[in-house]
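Listed here are the chains, written in short residue letters.
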Amino acid sequence: MYLTKRLSIQLLILMSAFTQQVTGQTLSSSHLEVSEKNSLTNLISEAISRDEWMDANQLFISSLQAESIKRGELANPKLGLGLANMPLDSLDFNQEAMTQLKFSISQMLPRGDSLALKKETWQQKGQVAQVKQYQRAAQIERDVSLLWLAIFEAKQSIALVEANRGLFEQLLEVSQASYSSALGRTSQGDIIKAELELIRLDDRLASLALIKQAKYSQLSHWLGDFESWSEPKNLPQVSLKKASFYPADPVHLDDKGQTLNRSISDQTLAKQLTQHPSLVALDEKAQLAQVAMSLAKQAYQPQWGLNASYGYRDDADNGMSRSDFLSLGVTLDMPIFSKTAQDAGVKSKQLALNAIAFEHALKLKQMLAKYRVIQSKVAKLNQRNHLYQSSLIPQLKQQEDILLAAYKSNEGPFSDVIKARIESLNAKIQALVISVALQKQKVEFNYLFATNNDFALGAGSATPMSSY
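Within every chain, residues take consecutive numbers counted from 1 along the sequence as written. Where local features are concerned, this predicted model is filtered to residues with pLDDT of at least 70; where side-chain atom pairs are given and counted, the filter is 80 or more; whole-chain, interface and lining totals use all residues. Side-chain figures throughout are based on the complete set of non-hydrogen atoms in the structure, without hydrogens or water.

Remarks on the overall build of the chain
Threshold: Comment: elements are numbered from the N terminus, with helices defined as DSSP H or I runs of at least four residues and strands as E runs of at least two. Exposure categories follow from relative accessible area, calculated using a 1.4 Å probe and restricted to protein chains: below 20% of the type maximum is buried, above 50% is exposed, and the middle band is partly exposed. Contact between two residues is taken to exist if any of their heavy atoms lie within 4.5 Å; hydrogens are not considered. Accessible areas in this description were obtained via Shrake-Rupley with a 1.4 Å probe; residue shielding takes into account the shown protein chains only.
Secondary structure summary: the chain contains nine helices and six strands in total. Residues counted as buried form 41% of the 468 residues belonging to the chain. Within the chain, residue pairs in contact and separated by at least 24 positions form 82% of the contacts whose partners lie at least 6 positions apart. Carbon together with sulfur atoms contributes 56% to the accessible area of the chain, which is approximately 24,900 Å² in total.

Some remarks on unusual backbone geometry
We note that Asn85 has phi near 60°; this positive angle belongs to a residue other than glycine. Summarising the element assignment, Asn85 is placed in the loop between β1 (78-84) and β2 (100-108). Overall, the relative accessible area of 48% leaves Asn85 in the partly exposed class. Notably, Leu91 is not glycine yet its phi reads approximately 55°, a positive angle. In this structure, Leu91 sits in the loop between β1 and β2.

Focus: the side chain of Gln272
With respect to the element layout, Gln272 can be found in helix α6 (residues 266-273). Residue classification places Gln272 among the buried residues on the basis of a relative accessible area of 12%.

Remarks on a nonpolar patch on the surface
Operational definition: Residues forming no salt bridge and having over 30% relative accessible area are the ones grouped into patches, like charges within 9 Å of each other and nonpolar side chains (Val, Leu, Ile, Met, Phe, Trp, Tyr) within 5 Å. Each reported salt bridge corresponds to a side-chain nitrogen of Lys or Arg within 4 Å of a carboxyl oxygen of Asp or Glu.
On the surface, Leu74, Leu109, Trp304, Leu306, Val330, Leu332, Met334, Ile336 and Phe337 cluster together into a nonpolar patch covering about 940 Å² of accessible area. Only β3 (303-312) and β4 (325-333) provide two or more residues apiece to the nonpolar patch. Locating Trp304 in the fold gives a position in strand β3. On the basis of relative accessibility, which here comes to 42%, the residue Trp304 falls in the partly exposed class.

Looking at the pairing of β3
Where we set the bar: When DSSP locates at least two bridges between a pair of strands, those strands are taken to pair.
The sheet contact formed by β2 and β3 spans eight bridges and is antiparallel. Looking at the pairing, Ile105 lines up with Ala308 of β3. In this structure, β3 lies alongside β4, joined through nine bridges in antiparallel fashion. Residue Leu306 lies in a different strand from β4, and its bridge partner there is Val330.

Here's the deal with the pattern of salt bridges
One pass over the full model with this rule turns up 14 salt bridges. Across the pair Asp343 and Lys339 runs a salt bridge, and its minimum N-O distance is 3.0 Å. One end of the pair, Asp343, and the other, Lys339, are both in helix α8 (residues 339-408), four residues apart, so they sit about a helical turn from each other. Judged by relative accessible area, which is 29%, Asp343 ranks as partly exposed. Here Lys397 and Asp401 are joined by a salt bridge, their closest N and O atoms 3.0 Å apart. Here Lys397 and its partner Asp401 are both found in helix α8, four residues apart, which amounts to about one turn of the helix. Here Lys397 falls in the partly exposed class, since its relative accessible area comes to 24%. One salt-bridge network, held together by shared partners, links Glu67, Lys70 and Arg71.

Brief notes about the nonpolar core
Side chains of nonpolar character tend, in soluble globular proteins, to be buried together. Note the threshold: Only buried residues count toward a nonpolar core. Its members are Ala, Val, Leu, Ile, Met, Phe, Trp, Tyr and Cys residues joined through side-chain atoms within 4.5 Å.
In this structure, Val161, Phe168, Ile418 and Val436 are the most contacted members of the largest nonpolar core, which totals 24 residues. Looking at this core, the elements that each hand over two or more residues are α4 (114-181), α5 (188-219), α8 and α9 (414-448). If one sorts the elements of this core by residue count, α9 sits on top with nine residues. Apart from residues no more than four positions distant in its own chain, Phe168 is found in contact with Glu197, Leu198, Leu201, Ile418, Arg421 and Ile422. Within the second largest apolar cluster, 22 residues are counted, among which are Ile48, Met54, Leu223 and Ala450.

Structure below.
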């Protein structure tokens, strides 16, 4: 029985080493298979192209374009037909010389450049709606990528727990055999501890499975048939859109723990960030507000109107011919007594324009702060990743091997073996979380530096030009 225990423990050591090697290969994988690389790009493309909001917004843009054509046309002329000066005593059309059948037409002309400005207003509204499509595409790209990474994290965590669960089952069998033979130092409490750890691992598996299913459900919002897409087998590596702005990996640290890589000024960052669809949309809104203010100023301009009428008269009773009448006229609407209302209208549009300027400044400030947060997170995550891969995980493995060997020779308690195994598992999962978090920061970085040129959008279709 003692020989069996020694062989079982030796098998555990070999299995532990194999598990560590496989896990290390999985976490250190830096390249994707071609099919997986394409799958995330295709996933994003499919999500964007199947987004109902995109289809609805495209129709909305078309409606705005049609409306701009309508607003750029003159108002319809007014035609009139009337009977003037008809004698009531006889109702005889040719009795009186002033009786006439009148045909009239009148046309009001727009104030100043108001007609062209009205057309430009609706065209500008279409521009705002168009830019929002790019903003929506960038958001979908970010959300789908983050969900895809979260699915990989949950899937790989499940694989790590399942692999270690098998080792815990082996440990439990060895401890039970040692306890039954009474040759080792295993106690009934050690067996209970091993059984409890198995229960905790089962609970952990259930929790991870729930997280994974929740992420799948969220992705189904974008893709109804998401089950047909294969799960990521390796850690997706996110390609950077503006790699020159991405925080460099920390090589040296100063006394305060800050990275000594190059520093990018806020002015340089702001120049690049202003190309983000959300800021471009605010620029378009500012243009729209500027046009609205120009249109409000047209209220100061006079409005002209033209009218003409033709009066037909019948011949007199004695056969004498009567001349028909032609009337021409001009009307002028002078904005004299409405200056207070006109001033208020212009002031309202000016304040709206100023509000957009403050909104733009606030949004840019938030994006600059977000970049600094990403910069800080990437630096710390790289430090932690280096710490886990180069020091913590190897040392925990060494500790696990030592404690397992000590237990094998009856020189160490079984509880230390369990504790070492749990610490090693937690370290592997945490290293996985850090590796995925680094890729998530790249996704956030790409969203922050997204531009309209990153996407090829057309009527009813949209395709991300970035690759993963």
